[in-house]
Structures are given as structure tokens and as C-alpha cells.
Amino acid sequence: MKPVPHATSLRRAPVQRRSAERLTRILDACADLLDEVGYDALSTRAVAQRASVPIGSVYRFFGNKRQMADALAQRNLERYSERVTARLRQAGEDGGWRTAMDAVLDEYLEMKRTAPGFSLVDFGNQIPVGSRHTEPNHRVADRLTELLSGYLDREPDEDLRRVFLVAVETADTLVHLAFRVAPEGDERVIEEAREMLRAYLARALD
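As a starting point, this report considers the structure included with it. (Residues numbered from 1 in each chain as written. Predicted model: local features only at pLDDT ≥ 70, side-chain atom pairs only at ≥ 80, totals over all residues. Heavy atoms only, no water.)

1. Concerning the packing of aromatic side chains
Using the following cut-off: Centres within 6.5 Å are what make two rings of Phe, Tyr or Trp a pair, Trp counting through its six-membered ring; a difference in plane orientation under 30 degrees is then read as stacked, over 60 as edge-to-face, and the rest as tilted. For the purposes of this entry, the term helix denotes a DSSP run of H or I that reaches at least four residues, the term strand denotes a run of E that reaches at least two, and both are numbered from the N terminus. When a residue's accessible area, from a 1.4 Å probe over protein chains only, is under 20% of the maximum for its type it is buried; when over 50% it is exposed; and in between it is partly exposed.
The full count for this structure, using the stated rule, is six aromatic pairs. Judged by centre distance (6.4 Å) and plane angle (85°), the rings of tyrosine 80 and tyrosine 108 are edge-to-face. Here tyrosine 108 lies in helix α5 (residues 96-114) and tyrosine 80 lies in helix α4 (residues 65-91), a separation of 28 residues in the sequence. Exposure class is identical for tyrosine 80 and tyrosine 108. Each is buried. Seen from their ring centres, tyrosine 108 and phenylalanine 123 are 5.9 Å apart, and the 40° between their planes marks the pair as tilted. Taken as a pair, tyrosine 108 in helix α5 and phenylalanine 123 in the loop between α6 (118-121) and α7 (136-152) lie far apart in primary sequence, 15 residues in all. Per residue, the accessibility class of tyrosine 108 equals that of phenylalanine 123, and both read buried. Ring pairing ties together the aromatic residues Tyr80, Tyr108, Phe118 and Phe123, which thus form one cluster.

So this is what it looks like as C-alpha cells:
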């Protein structure tokens, strides 16, 4: 079982394997319940019951459900980063930014369609969490700058971060539109988003 990244919202980071596995079960239960009942009806007690842990175990890690949702969002970002990295490793170094863009967009779409709880929480976009300077799209832009700068042979500077932030904000808006139009994401809207991103990134990265 993969360890859960230590989220900033955790009251206490797990030290032993058993504690880390319990935290994983809690976040898995949170994700499942978000799909079933939504955020407003989510409760720490229901999460504890679904995860088969004492309610005290939930409060050991989280003071409330908002902190739990934020930890799930951070875990989503870690898993997303791993998926993008694996995709680019398979592609090799010859694809350039176009291959990187496809990996970034396609892996996001796949998680949105299949990952429990992701359609509501994703990286925190749907449930406001954290302070202003850590808002979700900034988290994603920071992570992509870190992940892709070497692949693109670019300095991970503020110029590259700004490019990724604009691209992430644009993709976020259009992907959410695609999923409002169709439950699995309207392919025509997604292709429009892909073309728009290609045009912008060509100007910024070519």
C-alpha cells in the first residue's frame, strides 16, 4: 500500500505503517462518500464507519471534514503527478511540450472520470480550502513547473510558472464546462480546449 503524502491539514503525521494504512482507509472512505452523498452531507462519523476505524482515529488526523477534503485533494495532486511522470517516462525525451501537454490533460481527464471523489474535490477547486496563496490552481502550476522544467529543458522560473498557471486556469475552466455539458466530458469541448492550449503554449514555449 502506498503511503499517503503528509498533507498540511493533518493534525498529526502517521509514523508507523499501521497508522499510515489507517489514514489511507480514511481518505478512501472520504472519497467514496463524496461521490455518494456530496460534501454538505459528508460527516467525520460516516467516514469513520465506512473506513471501519474508531471516530477518534479520524480526529487524530483531522479536526473537521474540510481538513479531510483538503488532504484528499493533496493526495489527488500527488497521484496525478505520479501519473504524468510515468506517462512522460514512457514517451521518452523527444516529445517536447506537446507530449507533455497531452499527458497533463489526458491524465487529468482520466482521473476526473475514474478516481473516487475527484469530480467534486479534484485538487481542491470545488471545495474552498487553504489560504489564498495556496489555492488549487497555483498548487498545480507549481507542481507542473517542478515536474516539467527538466523535461522541457527550461529553467523553473517565474516565466515558466506563469505560463503553466495560465494554461491550468484555462484548462480548468474548459474541462469543467465539458463535464457540465456531458457526464463523461463533451469531447468537442475537450478538443477545443486542447487546440486553445496548443495555440497558447506554441507562442510561449516554441
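2. Some remarks on the pattern of salt bridges
To keep things clear, this is the line we draw: Criterion for a salt bridge: a side-chain nitrogen of Lys or Arg within 4 Å of a carboxyl oxygen of Asp or Glu.
Within the structure shown, the criterion is met by 19 salt bridges. Two residues, aspartate 206 and arginine 98, come together in a salt bridge whose shortest N-O distance is 3.2 Å. Note that aspartate 206 is positioned in the segment after α9 (187-205) and arginine 98 in helix α5, a separation of 108 residues in sequence. The class of arginine 98 is partly exposed, set by a relative accessible area of 42%. Here aspartate 186 ties to arginine 188 by a salt bridge, and the two come within 3.3 Å at their closest N and O atoms. Residue class for aspartate 186 comes out buried when judged on its relative accessible area of 10%. One salt-bridge network, held together by shared partners, links Arg83, Arg87, Asp102, Asp106, Glu107, Glu191, Arg194, Glu195 and Arg198.

3. Observations concerning the packing of α7 against helix α8 (residues 158-181)
Worth spelling out the cut-off: Axis definition: a line fitted to C-alpha atoms, limited for helices to the stretch in contact. Angles are taken between N-to-C directions and run from 0 to 180 degrees. The cut-offs work like this: below 35 degrees is roughly parallel, past 145 is roughly antiparallel, 65 to 115 is roughly perpendicular, and the gaps in between are oblique. Handedness of a helix crossing follows the sense of rotation of the near helix relative to the far helix, less than a right angle counterclockwise being left-handed and clockwise being right-handed. In what follows, residue pairs with any heavy atoms lying within 4.5 Å of each other are defined as contacts. Only Asp, Glu, Lys and Arg are considered charged, only Ala, Val, Leu, Ile, Met, Phe, Trp, Tyr, Cys and Pro nonpolar, and every remaining residue, Gly among them, polar.
Two elements in contact, α7 and α8, have axes whose closest approach is 8 Å; the angle formed by their N-to-C orientations is 125°. Looking at the two axes, α7 sits oblique to α8. As α7 packs across α8, the resulting crossing turns out to be right-handed. Touching Asn137, His138, Val140, Ala141, Asp142, Leu144, Thr145, Leu148, Ser149 and Leu152 of α7 are Leu160, Arg161, Phe164, Leu165, Val168, Glu169 and Asp172, all from α8. Taken together, the residues of the contact of α7 with α8 sort by class into nine nonpolar, four polar and four charged.

4. Examining the environment of arginine 143
The test is simple: Within 3.5 Å is the distance limit for a polar contact, defined as a pair of N or O atoms, with the added protein rule that one can donate a hydrogen and the other accept it, and that residues adjacent in sequence qualify only through two side-chain atoms.
By secondary structure assignment, the location of arginine 143 is in helix α7. Classification of arginine 143 by relative accessible area gives buried; the value is 18%. Not counting chain neighbours up to four residues away, the residues in contact with arginine 143 comprise Leu77, Glu78 and Ser81. A polar contact is formed between the side chain of arginine 143 and the side chain of glutamate 78, at a distance of 2.9 Å.

5. A closer look at the packing of α4 against α7
Contact geometry of α4 with α7 gives a least axis separation of 11 Å together with a crossing angle of 20°. Regarding the angle of α4 to α7, the classification is roughly parallel. The crossing of α4 and α7 is right-handed. Where α4 abuts α7, its residues Asp70, Ala73, Gln74, Leu77, Glu78, Ser81, Thr85 and Leu88 lie against Arg139, Val140, Arg143, Leu147, Leu148 and Tyr151.

6. Thoughts on α5
This is how the line gets drawn: A helix is expected to span 1.5 Å multiplied by its residue count minus one.
Here α5 contains 19 residues, and its C-alpha end-to-end distance of 27 Å stays within 8% of the 27 Å for a straight helix at 1.5 Å per residue. Taken together, the buried positions of α5 are Trp97, Ala100, Met101, Ala103, Val104, Leu105, Glu107, Tyr108, Leu109, Met111 and Lys112. Looking at the packing, one finds that the buried side of α5 touches α4, α6, α7, α8 and α9.

7. Comments concerning the environment of leucine 177
Relative to the helices and strands, leucine 177 resides in helix α8. Distance in space between the C-alpha atoms of leucine 177 and valine 189 is 7.6 Å, their sequence separation being 12 residues.

These results come straight from atomic positions and should not be treated as a statement about function.
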